[in-house]
Amino acid sequence: MIHYHSRALVSEMRGGLPPPEPSQDSLIPEATFEAISSHLKKCKNVIVLTGAGISTAAGIPDFRTPGSGLYDNVGDYIKRYNLSSAQQLFSYELFTHDPEPFYALARELKYPGESVCPTLAHYFIKLLSDKNVLLRNYTQNIDMLQSITGIPDEKVFEVHGSFRSGTCMSCKAKYDKEQVKSAVMSGKVPECDELVDGVKCCGVMKPDIVMFGEPLPQQYLCKISCDQEKCDLLIVMGTSLQVGPVNKIPNDIPRSTPRLLINMEEICTDEAAFSDFSAPLFFFNNPLNKTDVFMGGDLNESIKKLATQLGWWEELKALAGVDDTHFQ
């Protein structure tokens, strides 16, 4: 077992202030790509935290990228339904009063789509599972692409739920994936047809996704509390880490555990602006950094580089069904 003080505990000990410098107790000798790659080969309990950025190559837009992100492309919905913001489309409060805006957008996006294929990043997580080093993939995505790769369900925690099931908001009747898909694409707000005391319920069916204003699944805190103590490497991929409480995971793993961020650009590095542990802090640019490594640019190209360094590229290509020409 790894003995540690979590970053959150250090914060509490210091009266809410962040530690003044990175931990000098690290499982890798230096914060380099080569060192963290070598460490990964020896790991047993890797946590992978993923966001919408790992699915953009599959044609699914993320939320916040300027120009291409979902929030920049729902202006018609904001006007049509007189909404205050793009985020309101995904709010539980709006859904309970008027579910039509959400369902209209879901129909346009063809959620849950069947023509969308997993990306190289999804298959890399599957490869970690096949090599018995994946402790858990905590995904913020609702697209279910990790399931298509064949990662065992027990190795994935869909923090924000998914379209694989739905629940009637009135009688709590359950609906499976095909029923949810049919309901979403029906062109109208789906009503529950369950009989309650001999009368059709007619409540609204809601996909089992976590909307803004809803609590996370009860199992989340129990699962992550147990997993973070075992974690010997954290890989964060394709996320801006702007949504809590998932964005606390990088702070709550052991302080000696290396953290690899694979993203288009660096995030959460402004130590001067950092005041508490409600959001993560990475030390890429700190000269005392011994734990944090950043791989920037195209995410799938970064995955190819990492797999090549590990000597896993041929296995990953076979698993994902791609060849080298795919990246030329």
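These numbers were taken from a predicted model, which means no experiment stands behind them.

Counted under the stated rule, the structure contains nine salt bridges. Between Asp130 and Lys126 there is a salt bridge whose closest N-O contact spans 2.6 Å. One end of the pair is Asp130 and the other is Lys126, both in helix α6 (residues 120-130) and four residues apart, which spans about a single turn. Measuring nitrogen to oxygen at the nearest pair gives 2.8 Å for the salt bridge that ties Arg136 to Asp227. One end of the pair, Arg136, is in strand β2 (residues 134-139); the other, Asp227, is in helix α9 (residues 219-230), and 91 residues separate them in sequence. The exposure classification of Arg136 matches that of Asp227, with both residues buried.

Below, the discussion takes up the side chain of Thr139. Along the chain, Thr139 turns up in strand β2. On the accessibility criterion, Thr139 (1% relative accessible area) is buried. Looking at Thr139, its side chain comes within polar contact range of the side chain of Thr50, at 3.3 Å. Excluding residues within four positions of it along the chain, Thr139 makes contact with Thr50, Gln146, Val156, Phe157, Glu158, Val159 and His160.

In this section: the packing of aromatic side chains. Tallied over the entire structure, the rule returns eleven aromatic pairs. For the ring pair Phe95 and Phe102, a centre distance of 5.7 Å and an interplane angle of 75° mean the geometry is edge-to-face. Plain terms: the ring middles of Phe95 and Tyr103 are 5.8 Å apart, the flat faces sit at 50° to each other, and that makes the pair tilted. Note on Phe95: relative accessible area 3%, which makes it buried. In textbook terms, an aromatic cluster arises when at least three aromatic residues are bridged by ring pairs, as seen for Phe95, Phe102, Tyr103 and Phe163. Seen from the ring of Tyr77, Arg80 lies directly overhead, with NZ or CZ sitting 4.8 Å from the centre. A cation over an aromatic ring shows up here: Lys305 above the ring of Phe33, its NZ or CZ 4.8 Å from the ring centre.

Right, let's talk about the sheet that holds strand β10 (residues 259-262) for a bit. Either a parallel or an antiparallel arrangement is found when strands of a sheet pair, and the pairing is made through backbone hydrogen bonds. Ordered by their spatial adjacency, six strands build an open sheet running β3-β2-β1-β9-β10-β11, and the pairing between neighbours is parallel. Where the open sheet ends on each side, the last strands, each with one partner, are β3 (156-158) and β11 (292-295). Neighbour-to-neighbour, the strand axes of this sheet turn through a mean angle of 15°, independent of strand direction. By the bridge criterion, five bridges tie strand β1 (residues 46-50) to strand β9 (residues 233-237) in an arrangement that is parallel. Each residue of the ladder has a partner; that of Ile47, found in β9, is Leu234. Where helix α11 (residues 299-310) meets the sheet, its contacts fall on β9, β10 and β11, and the angle it forms with β10 comes to roughly 135°.

Rules used in this analysis
Residues numbered from 1 in each chain as written. Predicted model: local features only at pLDDT ≥ 70, side-chain atom pairs only at ≥ 80, totals over all residues. Heavy atoms only, no water. Salt bridge = Lys/Arg side-chain N within 4 Å of Asp/Glu carboxyl O. Helix = DSSP H or I, 4+ residues; strand = E, 2+ residues; numbered from the N terminus. Buried < 20%, exposed > 50% of the residue type's maximum accessible area, 1.4 Å probe, protein only. Polar contact = N/O pair within 3.5 Å; in protein donor to acceptor, adjacent residues only side chain to side chain. Contact = heavy atoms within 4.5 Å. Phe/Tyr/Trp six-rings, centres within 6.5 Å; stacked < 30°, edge-to-face > 60°. Lys NZ or Arg CZ within 6 Å of the ring centre and 35° of its normal. Pairing = 2+ DSSP bridges. Axes fitted to C-alpha atoms, helices over the stretch in contact; angles between N-to-C directions.

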